[in-house]
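# Inside the fold
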Amino acid sequence: MKISLINTSSSDTGIGKYVESILKQFNKNKSNLNLKLDYVYLDYNNKSINIRTYDKRTIRIKKPIFRLGLKRPIFYFLTAPFIPQSDIYHLSTQNISFIRPKNSIITCHDLIHRVYPETFLNLLSSYFFYKGLSKSIKIISDSESTKKDIIRYIPDYINKIEV
């Protein structure tokens, strides 16, 4: 089985450290598993996709369209077709759930755009950001508080959530 771990955060952030811990645990236990893991980093700052494949190849994809001064969601949407085909996708944050909803496991850190929308645009964008949660096979909540928010604002997902 092939898994793609998709990340948007650098390793000096909380989500980046979370992804590093997943990679470390996977590498520690990979001899006991019959899994292949591709690590996909959607690098908004450098406008590129960096892929470290299960067979230790490194692929960097830069396309002219990535450099058009696009907002993050549009950049992520445009990079989606370049993500390697896998059996399962693990998205490290709910904010990219719209790019790969089928066969995905999504880590949900918060629903900040839905819980505390600063503007009407933030509230509308939250429906776009969290759209893929409905089609995911599992939602990993990083806290009981986030789980309660998911149940409160999107109650249909209750059977998919694990803390």
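You'll find the structure just up there.
Residues numbered from 1 in each chain as written. Predicted model: local features only at pLDDT ≥ 70, side-chain atom pairs only at ≥ 80, totals over all residues. Heavy atoms only, no water.

Our focus in this paragraph is the overall build of the chain. If you tally the helices and strands in the chain, you get five helices and eight strands. Reading the chain from its N terminus to its C terminus gives the helix and strand order β-α-β-β-β-α-β-β-α-α-β-α-β. Over its C-alpha trace the chain gives a radius of gyration of 16 Å, about what one expects of a compact globule, namely 15 Å for 163 residues. Within the chain, buried positions represent 44% of all 163 residues. (Helix = DSSP H or I, 4+ residues; strand = E, 2+ residues; numbered from the N terminus. Rg over C-alpha atoms; globule rule 2.2 N^0.38 Å. Buried < 20%, exposed > 50% of the residue type's maximum accessible area, 1.4 Å probe, protein only.)

Attention now goes to the environment of Ile105. Mapped onto the fold, Ile105 is located in strand S6 (residues 104-108). Along the primary structure Ile105 and Leu133 are separated by 28 residues, whereas in three dimensions their C-alpha atoms are 8.6 Å apart. In contact with Ile105, not counting residues within four places along its chain, are Ile88, Tyr89, His90, Leu91, Ile137, Lys138 and Ile140. (Contact = heavy atoms within 4.5 Å.)

Another aspect to go through is a nonpolar patch on the surface. Side chains of Phe120, Leu121, Leu124 and Tyr127 sit close together on the surface and give an oily, nonpolar patch of about 480 Å² of accessible area. Along the polypeptide, Tyr127 turns up in helix H4 (residues 120-129). Given the relative accessible area of 48%, Tyr127 is considered partly exposed. (Patch = residues over 30% accessible without salt bridge, like charges linked within 9 Å, V, L, I, M, F, W, Y side chains within 5 Å. Areas by Shrake-Rupley, 256 points an atom, 1.4 Å probe, with all protein chains shown as cover. Salt bridge = Lys/Arg side-chain N within 4 Å of Asp/Glu carboxyl O.)

To continue, consider the side chain of His90. Mapped onto the elements of the fold, His90 is located in strand S5 (residues 88-91). With a relative accessible area of 12%, His90 lands in the buried category. Those residues within four positions of His90 in sequence are excluded, and the remaining contacts are Ser4, Leu5, Ile6, Tyr18, Ile22, Ile105, Thr107 and Ile140.

A few words now on the pattern of salt bridges. Opposite charge on two side chains makes pairing possible when the charged atoms of those side chains draw close. Counted according to the given criterion, the structure contains three salt bridges. A salt bridge links Asp55 to Arg57, with the shortest nitrogen-to-oxygen separation between them at 3.2 Å.

Going through the model one piece at a time under the given rule, you end up with four aromatic pairs. Taking the centre distance of 5.8 Å and the plane angle of 90° together, the rings of Phe66 and Phe82 count as edge-to-face. Placement of the pair is Phe66 in the loop between strand S4 (58-61) and helix H2 (72-79) and Phe82 in the loop between H2 and S5, with a sequence separation of 16 residues. Site record: aromatic cluster; members linked through ring pairs are Tyr44, Phe66, Phe75, Tyr76 and Phe82. The cationic tip of Lys47 hangs over the ring face of Tyr44; the distance from NZ or CZ to the ring centre is 3.7 Å. (Phe/Tyr/Trp six-rings, centres within 6.5 Å; stacked < 30°, edge-to-face > 60°. Lys NZ or Arg CZ within 6 Å of the ring centre and 35° of its normal.)

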